Amino acid sequence: MRLTTPPTTVFTRMSALAQETGAINLGQGFPDAEHAPELIAMAQRALAEHSQQYPPMRGLAELRQAVCDFYRREQGLALTPEHVVVTSGATEALAASILAFVQPGDEVVLLQPCYDAYVPLVERAGGAVRMVSLSPPDWSIPFDALEAAITPATRMIVACTPNNPTSTLIPRAALERLGALCEAHDLVLLCDEVWEAMIFTGDAHCSPLHLAGLRDRSIKVGSAGKLFSLTGWKLGWALAAPPLAAMIAGQHQWLTFTSAVPLQWAVAEGLALPPEWHASHRATYAPRRQQLIDGLEAAGFAVLPSAGSWFVSMDLAASGLPADDEMVAERLLREAGVATIPLSAFYRDGADKGYLRLCFAKQEAVLDDAVERLAGFRRGL
Ligand code: PMP
Ligand code: GLN
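So, here's what we can say about the structure. (Residues numbered from 1 in each chain as written. Chains lettered and ligands numbered in written order. Predicted model: local features only at pLDDT ≥ 70, side-chain atom pairs only at ≥ 80, totals over all residues. Heavy atoms only, no water.)

Description of the sheet that holds strand β3 (residues 107-112)
Line of reasoning, step 1. Pairing within the open sheet is mixed, and its seven strands lie in the order β2-β8-β7-β6-β5-β3-β4. The outermost strands of the open sheet, each flanked by one partner alone, are β2 (84-87) and β4 (128-133). Adjacent strand axes in the sheet meet at a mean angle of 20°, parallel and antiparallel pairs treated alike.
Line of reasoning, step 2. Where β3 meets strand β5 (residues 154-160), four bridges bridge the pair, whose relative direction is parallel. Along β5, the bridge assignment pairs Leu110 with Val158.
Line of reasoning, step 3. Sheet strands in contact with helix α4 (residues 89-101) are β2, β5, β6 (188-192), β7 (218-223) and β8 (236-240), and its direction is about 160° off that of β7.
Line of reasoning, step 4. Set on the sheet, helix α10 (residues 242-255) makes contact with β2, β7 and β8; between it and β2 the angle comes to about 25°. (Pairing = 2+ DSSP bridges. Helix = DSSP H or I, 4+ residues; strand = E, 2+ residues; numbered from the N terminus. Axes fitted to C-alpha atoms, helices over the stretch in contact; angles between N-to-C directions. Contact = heavy atoms within 4.5 Å.)

With respect to helix α1 (residues 10-21)
Line of reasoning, step 1. In this model, α1 (12 residues) spans 16 Å end to end at C-alpha, consistent with the 16 Å of a helix rising 1.5 Å per residue.
Line of reasoning, step 2. In this fold, the buried residues of α1 make contact with β1 (24-25), α14 (325-336), β11 (338-339), β12 (341-342) and β13 (355-359). (Expected span 1.5 Å × (residues − 1).)

Overview of the packing of aromatic side chains
Line of reasoning, step 1. Scanning the entire structure with this criterion turns up 12 aromatic pairs.
Line of reasoning, step 2. Between Tyr71 and Trp237, the ring centres sit 6.5 Å apart and the planes meet at 80°, which makes this aromatic pair edge-to-face. Taken together, the residues Tyr71 in helix α3 (residues 61-75) and Trp237 in strand β8 connect sequence positions 166 residues apart. The pair formed by Tyr71 and Trp237 is uniform in burial state, with each residue classed as buried.
Line of reasoning, step 3. Ring geometry for Phe200 against Phe360: centres 5.7 Å apart, planes inclined by 75°, an arrangement best described as edge-to-face. Taken together, the residues Phe200 in the loop between β6 and α8 (212-215) and Phe360 in the loop between β13 and α15 (364-379) connect sequence positions 160 residues apart. Neither residue differs from the other here; Phe200 and Phe360 are each classed as buried.
Line of reasoning, step 4. Through a chain of ring-to-ring contacts, three or more aromatic side chains come together here, namely Phe11, Tyr115, Tyr118 and Phe346.
Line of reasoning, step 5. Positioned above the aromatic ring of Phe30 is the side chain of Lys362, whose terminal nitrogen or guanidinium carbon lies 3.8 Å from the ring centre.
Line of reasoning, step 6. Cation over ring: Arg378 sits above Phe301, and NZ or CZ is 5.6 Å from the ring centre. (Phe/Tyr/Trp six-rings, centres within 6.5 Å; stacked < 30°, edge-to-face > 60°. Buried < 20%, exposed > 50% of the residue type's maximum accessible area, 1.4 Å probe, protein only. Lys NZ or Arg CZ within 6 Å of the ring centre and 35° of its normal.)

Re the nonpolar core
Line of reasoning, step 1. Grouped together as the largest cluster of nonpolar side chains are 105 residues, with contacts concentrated most on Leu110, Leu146, Met156, Ile157, Ile219, Ile248 and Leu292.
Line of reasoning, step 2. It is α4 that contributes the most residues to this core, seven residues altogether.
Line of reasoning, step 3. The residues touching Ile248, leaving out its near neighbours within four places in the chain, are Val85, Ala96, Ser97, Ala100, Phe101, Ile219, Ala238 and Ala240.
Line of reasoning, step 4. Counting 35 residues, the second-largest nonpolar core is a separate cluster that includes Ala197, Leu209, Trp233 and Leu263. (Core = buried A, V, L, I, M, F, W, Y, C linked by side-chain atoms within 4.5 Å.)

Remarks on the site of ligand 2
Line of reasoning, step 1. In the vicinity of ligand 2, the residues found are Phe11, Gln28, Gly29, Tyr115, Asn164, Phe311 and Arg357.
Line of reasoning, step 2. In this structure, Gly29 approaches ligand 2 through a main-chain N or O atom, which is 2.7 Å from an oxygen atom.
Line of reasoning, step 3. One nitrogen or oxygen atom from the side chain of Asn164 is found 2.8 Å from an oxygen atom belonging to ligand 2.
Line of reasoning, step 4. The fraction of the free accessible surface of ligand 2 (300 Å²) that becomes covered by protein chains is 80%.
Line of reasoning, step 5. A class-by-class count of the residues in the shell around ligand 2 yields three nonpolar, three polar and one charged. (Near = heavy atom within 4 Å. Polar contact = N/O pair within 3.5 Å; in protein donor to acceptor, adjacent residues only side chain to side chain. Areas by Shrake-Rupley, 256 points an atom, 1.4 Å probe, with all protein chains shown as cover. Nonpolar A, V, L, I, M, F, W, Y, C, P; charged D, E, K, R; others polar.)

Quick look at the pattern of salt bridges
Line of reasoning, step 1. Within the structure shown, the criterion is met by 18 salt bridges.
Line of reasoning, step 2. Between Arg282 and Glu74 there is a salt bridge whose closest N-O contact spans 3.9 Å. With a gap of 208 residues between them, Arg282 in helix α12 (residues 275-283) and Glu74 in helix α3 connect regions that are remote in the sequence.
Line of reasoning, step 3. Glu74 gets classed as partly exposed once you look at its relative accessible area, which sits at 26%.
Line of reasoning, step 4. For Asp349, the salt bridge is made with Arg348, and the minimal N-O distance between the two is 3.3 Å. (Salt bridge = Lys/Arg side-chain N within 4 Å of Asp/Glu carboxyl O.)

Description of the site of ligand 1
Line of reasoning, step 1. Lining the immediate environment of ligand 1, one finds Gly89, Ala90, Thr91, Tyr115, Cys160, Asn164, Asp192, Val194, Trp195, Ser223, Lys226 and Lys234.
Line of reasoning, step 2. Interatomic distance of 2.8 Å between a side-chain N/O atom of Asn164 and an oxygen atom of ligand 1.
Line of reasoning, step 3. A distance of 2.8 Å separates a nitrogen atom of ligand 1 from a polar atom in the side chain of Lys226.
Line of reasoning, step 4. Starting from 400 Å² of accessible surface for ligand 1 in isolation, the protein chains cover 93%.
Line of reasoning, step 5. Counting residues per element, the shell around ligand 1 draws most heavily on α4, at three residues.
Line of reasoning, step 6. Each residue belonging to the shell around ligand 1 can be placed in one class, and the counts come to five nonpolar, four polar and three charged.

Given below as structure tokens:
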């Protein structure tokens with residue numbers, strides 16, 4: 001028997017190295033403090049008070065309704081429970097969506113740098129990836145290259161806004177252009193919106209589900225792990241027009257069938273918390289983000305413009321460092337004691353090696369310490 005183990009993800013690798021070396025972990029995106037004690041209490045109550053047996057395959061009716069109410073209130077979207085498939089994290093929503101629409105031999109256009117799960121999921125579905133590179137420093141979509149990547153075999157485009165790892169938004173006008181392409185070539189747009197609640201520029205989140213031309217051919221993916229800073233809960237959803245949602249549910253039933261029921265009750269209750277709760281949860285991250293940006297800039301590092309997510313990126317060449325992100329990440333880990341993520345890990349080919357991603361969802365003192373270590377490293381060059 002020949003066994004080939006897939007490589008572990010860059011997040012797993014960097015977190016393990018951080019633990020091994022005692023480095024501050026600004027790599028994998030997770031908060032280092034609990035932010036939503038209300039949700040923990042809700043989950044505890046759900047364990048005590050509700051049935052622990054299988055919930056419905058598509059998710060509890062109460063949760064599916066709560067998802068619709070939440071997005072009506074927060075984003076002005078008109079959804080019904082028939083639009084909702086509750087999944088085990090956004091990761092399963094992505095997998096079920098790709099399996100639903102990508103058959104062997106189909107092509108899928110991805111925009112790199114992109115979240116690490118997209119390529120393997122498309123390829124395991126038997127699809128072929130066509131990569132289009134976003135253009136730094138604003139990481140805008142090069143529409144000529146995108147159009148050239150579409151062939152008669154193309155079935156889907158995958159987008160992410162706010163984007164991980166670039167932290168930028170897809171502006172409404174660009175979504176409209178994507179919509180025109182999807183209509184012209186009869187494509188599905190899979191839009192990963194797990195960072196939708198973490199926008200720090202005052203911009204409203206814009207989803208393809210907001211646009212008439214995309215509403216019936218787009219899938220919006222969300223994650224309770226991100227909305228409540230509980231990344232280990234792994235509860236998410238795919239939202240799409242009912243005929244598309246039914247196709248996704250058809251795959252979800254073979255992947256996991258359904259997801260942990262106490263967490264479904266808790267998330268249903270959590271989504272119904274008043275808008276002020278959600279706004280103040282979001283607001284806790286804004287000063288941390290500014291602290292990291294200011295600290296890095298004061299130490300002479302060049303930070304790229306960003307809008308959302310828990311990450312910011314550093315431009316290595318503009319920071320006076322070699323444009324070799326893996327080498328710099330390795331040195332920062334070993335010599336400065338700070339773990340980061342090289343952006344080249346989000347490329348399949350033609351990797352741009354000029355950038356590092358840093359996570360600011362950390363306590364104030366931890367960020368101070370990290371910035372001091374990075375500043376010391378830079379002074380020592
Ligand atoms: N998509 C993106 C862009 C992400 O950043 C993440 C996790 N950070 C996921 C999907 C996975 O989300 P979940 O943990 O809910 O599966
Ligand atoms: N999405 C998280 C990040 O971008 C990591 C998730 C994971 O470890 N797979 O850092």
